[in-house]
Structure formats: structure tokens, C-alpha cells
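A closer look at the structure
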Amino acid sequence: MPTELGTGEWTMIWGAGVMLVALFVLWRVSRYDLVGAAWDSAWHVARGKRSTESPTALEEKYRDIAGQASVTGKARRAAGTVIGHFIAKVLSVVATVALLIGLALIGLGWYWL
């Protein structure tokens, strides 16, 4: 005999889904965040893992900008990096709020059980 899900169970499922989407967004935007890249680079250097074969995250971003053929290309790439950073910050805040909403939905669903 199949068991039907009630309001509490569906609320918890939706809360978990919202949290999964938020975690996915946080994971995807982390590559555009310059603050995260700076922390990652500092940790990379502190562990002694920096080498020419294994550059830090900031060095990779710099090489990407410096690798452009013209000054205009370098400026475009630098502007794109900065714009991406600010968009990543906004999406990080939105995803953090979504995590809290998902957690609240799970708590509310647990309460309704």
C-alpha cells in the first residue's frame, strides 16, 4: 500500500531542494569571486604548493588577463573579471538567503509532522 506524503513531508522536500539549488549556485559562482581567489592563493602559498606548474588562483586570473593580445583586450578581460566578481557577490548573498529559507522550510515541515 503506497504511502501518500503530507504537507510536512512536501515542505521538507521543497526545503531540501531549495538548499540544493543554493549550494549549486554557491559552488558555481565561487570561481568568479576574487576574495575567494585571494584566500585560496594565500593558502596555496602558505602550504608551499606554489610552483610554475601549479599557479595560484590569482596568478591564473592575471595570466588570463595578460595573455590578451591588445591593451583593449586586456582592459575588457579585466573589466569582465571585476564585473563577474560583483555578480558573484550578489548571487552569493541570494544563495545564502535561499539556504536560510530552505532550512526554515525543513524546520517548518518537521514541525508539521
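Just so it is clear, the structure is predicted and the values come from calculations on it, not from any experiment. (Residues numbered from 1 in each chain as written. Predicted model: local features only at pLDDT ≥ 70, side-chain atom pairs only at ≥ 80, totals over all residues. Heavy atoms only, no water.)

1. Some details on the pattern of salt bridges
Scanning the entire structure with this criterion turns up 2 salt bridges. With a closest N to O distance of 3.4 Å, Asp 33 and Lys 89 form a salt bridge. Here Asp 33, found in the loop between α1 (7-29) and α2 (34-46), pairs with Lys 89, found in helix α4 (residues 71-112); they are 56 residues apart in sequence, far enough to count as distant. In this structure Lys 89 comes out as partly exposed when scored by relative accessible area, which is 34%. Arg 77 serves as the salt-bridge partner of Asp 64, at 3.4 Å between the closest nitrogen and oxygen. Taken as a pair, Asp 64 in helix α3 (residues 57-66) and Arg 77 in helix α4 lie far apart in primary sequence, 13 residues in all. Judged by its relative accessible area of 36%, Asp 64 falls in the partly exposed class. (Salt bridge = Lys/Arg side-chain N within 4 Å of Asp/Glu carboxyl O. Helix = DSSP H or I, 4+ residues; strand = E, 2+ residues; numbered from the N terminus. Buried < 20%, exposed > 50% of the residue type's maximum accessible area, 1.4 Å probe, protein only.)

2. With respect to α1
Over its 23 residues, α1 extends 33 Å from the first C-alpha to the last, a length consistent with the 33 Å expected when each residue adds 1.5 Å. Considered for burial, the residues of α1 that qualify are Gly 8, Thr 11, Gly 15, Ala 22 and Val 29. Where α1 is buried, its residues meet α4. (Expected span 1.5 Å × (residues − 1). Contact = heavy atoms within 4.5 Å.)

3. A look at the packing of aromatic side chains
Within this structure, the stated rule accounts for 1 aromatic pair. Note that Arg 28 overlies the ring of Trp 27, its terminal NZ or CZ placed 5.4 Å from the centroid. (Phe/Tyr/Trp six-rings, centres within 6.5 Å; stacked < 30°, edge-to-face > 60°. Lys NZ or Arg CZ within 6 Å of the ring centre and 35° of its normal.)

4. Digging into the environment of Ala 66
Assignment of secondary structure puts Ala 66 in helix α3. With 41 residues separating them along the chain, Ala 66 and Val 25 place their C-alpha atoms 28 Å apart.

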